[in-house]
Amino acid sequence: GPAPRGVRGEVKGFRVVFIYLLCCVLWGSTWSAIKVGLRDWQPLWFAGSRMLLAAVCLSPFVAHRWSQRPTRTLFGKMLGLGVLQIGVPYAMMFVAQEWLPASIAAVLFATFPVWLVLLARFTMRGEHLTPLKLLAVALGFGGVIVLQLPRLRGLSFGSNEALGAGLVLGAAMLIALANVLIRKELSSANPMMVTFFQISSGAVVILILAMVFEGRPTFPHGVRPYAVLGYLAVFGTALTYGCFFWLINRIPIAAIGIIPLLDTTVAVLLGAAFLDERITRYVLIGGGLILTAAALANRRLPEPEEGATEAG
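Bear in mind that the values here come from a model prediction, so they are computed numbers and not experimental data.

## Structural notes on the overall build of the protein chain
Tallying secondary structure elements over the protein chain gives 11 helices and zero strands in all. Mapped from its N terminus to its C terminus, the protein chain presents α and β elements in the order α-α-α-α-α-α-α-α-α-α-α. For the protein chain, the residues scored as buried account for 53% of the 312 residues in total. A separation threshold of at least 6 residues defines the contact pool for the protein chain, and within that pool the share at least 24 residues apart is 91%. Total accessible area on the protein chain stands at roughly 14,500 Å², and carbon and sulfur atoms take up 67% of it.

## A look at helix α8 (residues 191-214)
In this model, α8 (24 residues) spans 33 Å end to end at C-alpha, consistent with the 34 Å of a helix rising 1.5 Å per residue. With 18 of its 24 residues buried, α8 lies for the most part within the structure. Among the residues trailing α8, G215 stands out with phi positive, at a value near 70 degrees.

## Focus on the confidence of the model for the protein chain
Interpreting fine coordinate detail is not advised for predicted regions of low pLDDT. The pLDDT averaged across the protein chain works out to 83; a share of 84% of its residues lies at or above 70. A low-confidence stretch, residues 300-308 stays under pLDDT 50, and its non-local contacts, those more than four residues away or across chains, total 26 contacts.

## A look at helix α4 (residues 102-109)
In an α-helix, one turn spans 3.6 residues; hence positions three or four apart end up facing the same way. The element α4 is extensively covered by neighbouring structure, given that eight of its eight residues are classed as buried. Inspection of α4 places A102, S103, I104, A105, A106, V107, L108 and F109 among the buried residues, and these make up the whole buried set.

## Notes on the pattern of salt bridges
For the structure shown, the criterion picks out one salt bridge. For R224, the salt bridge identified is with D40, shortest N-O distance 3.0 Å. With R224 in helix α9 (residues 224-248) and D40 in the loop between α1 (5-37) and α2 (43-64), this residue pair connects regions lying 184 residues apart in the sequence. Classification of R224 by relative accessible area gives partly exposed; the value is 40%. For D40, a relative accessible area of 24% translates into the label partly exposed.

## Considering the packing of aromatic side chains
If you walk through the whole model with that rule in mind, you get 12 aromatic pairs. Seen from their ring centres, Y231 and F235 are 5.7 Å apart, and the 25 degrees between their planes marks the pair as stacked. Linking Y231 with F235, this pair stays in helix α9, spanning four residues, or about one helical turn. Classification of F235 by relative accessible area gives partly exposed; the value is 38%.

## Observations regarding the nonpolar core
One recurring pattern in soluble globular proteins: nonpolar side chains tend to sit buried together. Counting 96 residues, the largest nonpolar core has W31, F46, Y90, L108, F109 and F244 as its most contacted members. Sorting elements by how many residues they give to this core places α9 first, with 11 residues.

## Some details on the packing of α2 against helix α3 (residues 72-96)
As a packed pair, α2 and α3 sit with axes 9 Å apart at the nearest point and diverge in direction by 135 degrees. By the angle class used here, α2 and α3 are oblique. As α2 packs across α3, the resulting crossing turns out to be right-handed. Contact residues: P43, L44, F46, A47, R50 and M51 in α2; I86, Y90, A91, F94 and V95 in α3. Residues belonging to the contact of α2 with α3 are distributed by class as follows: 10 nonpolar, no polar and one charged.

So, how was this worked out
Residues numbered from 1 in each chain as written. Predicted model: local features only at pLDDT ≥ 70, side-chain atom pairs only at ≥ 80, totals over all residues. Heavy atoms only, no water. Helix = DSSP H or I, 4+ residues; strand = E, 2+ residues; numbered from the N terminus. Buried < 20%, exposed > 50% of the residue type's maximum accessible area, 1.4 Å probe, protein only. Contact = heavy atoms within 4.5 Å. Areas by Shrake-Rupley, 256 points an atom, 1.4 Å probe, with all protein chains shown as cover. Expected span 1.5 Å × (residues − 1). pLDDT = per-residue confidence, 0-100. Salt bridge = Lys/Arg side-chain N within 4 Å of Asp/Glu carboxyl O. Phe/Tyr/Trp six-rings, centres within 6.5 Å; stacked < 30°, edge-to-face > 60°. Core = buried A, V, L, I, M, F, W, Y, C linked by side-chain atoms within 4.5 Å. Axes fitted to C-alpha atoms, helices over the stretch in contact; angles between N-to-C directions. Parallel < 35°, antiparallel > 145°, perpendicular 65-115°, else oblique. Left-handed = near helix turned anticlockwise from the far one by under 90°. Nonpolar A, V, L, I, M, F, W, Y, C, P; charged D, E, K, R; others polar.

Okay, structure coming up:
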């Protein structure tokens, strides 16, 4: 016979917790996976191939919903925001990770909620810089400075690591801006369709950048590069977004806001465990400040729409 109601509730609760943690682990693992893939791939061809393959994986779900196909105006907005949210920032992050440890890149990207707070103040009505938000901004900037102290002490302002840090911070700002615009322009759109068209247009932009800056692609040999590419496309993008959309209506908004904090922690731990990345006092202190800032910013962020996406 059917399971008792209490048992069904426990199974449902376990499923929610399991999928929530799966999202955090998968998104957190993408930073290390990218770092491994960059041993074989050119960064822009790697990023573009990931997004193209992810779009192919998502296409059956979009075809299933094609009766809800967007208007021409909505279609244009989705493609345009895909360039802003996927195309340019992911190109920046993949190039940056040639020079940065995966853990540092993940922690720097965790400033995303802080940029979201600042951008929302100037683009959304009713958003003000409260003392709590200002504290979050101050802690976030303080954490970035602490993370970069080793490079600042060496006066290596022109170093590749400093450039990489700037690219990751710039990517976080662009994705924060895209999220603000998504809340304003795409709140009524089907979230799976928004994600598909964003990833598709982002893939096209990254592949064009790859042709311009990296020339003809050089396809690596062996199993590892394609296994990493498949993992990022299927598990780090398509599956994760599918789980995320399933979770949206089943967990509190506050729990969604904590996902970037948890996946950043996963990224740091995986970087130390599998890539021999050192967790120095600068990483602990600077990362702690940034994650605290992100937690404070998340407490006051406007409720995210279903089209908003995480990075990694």
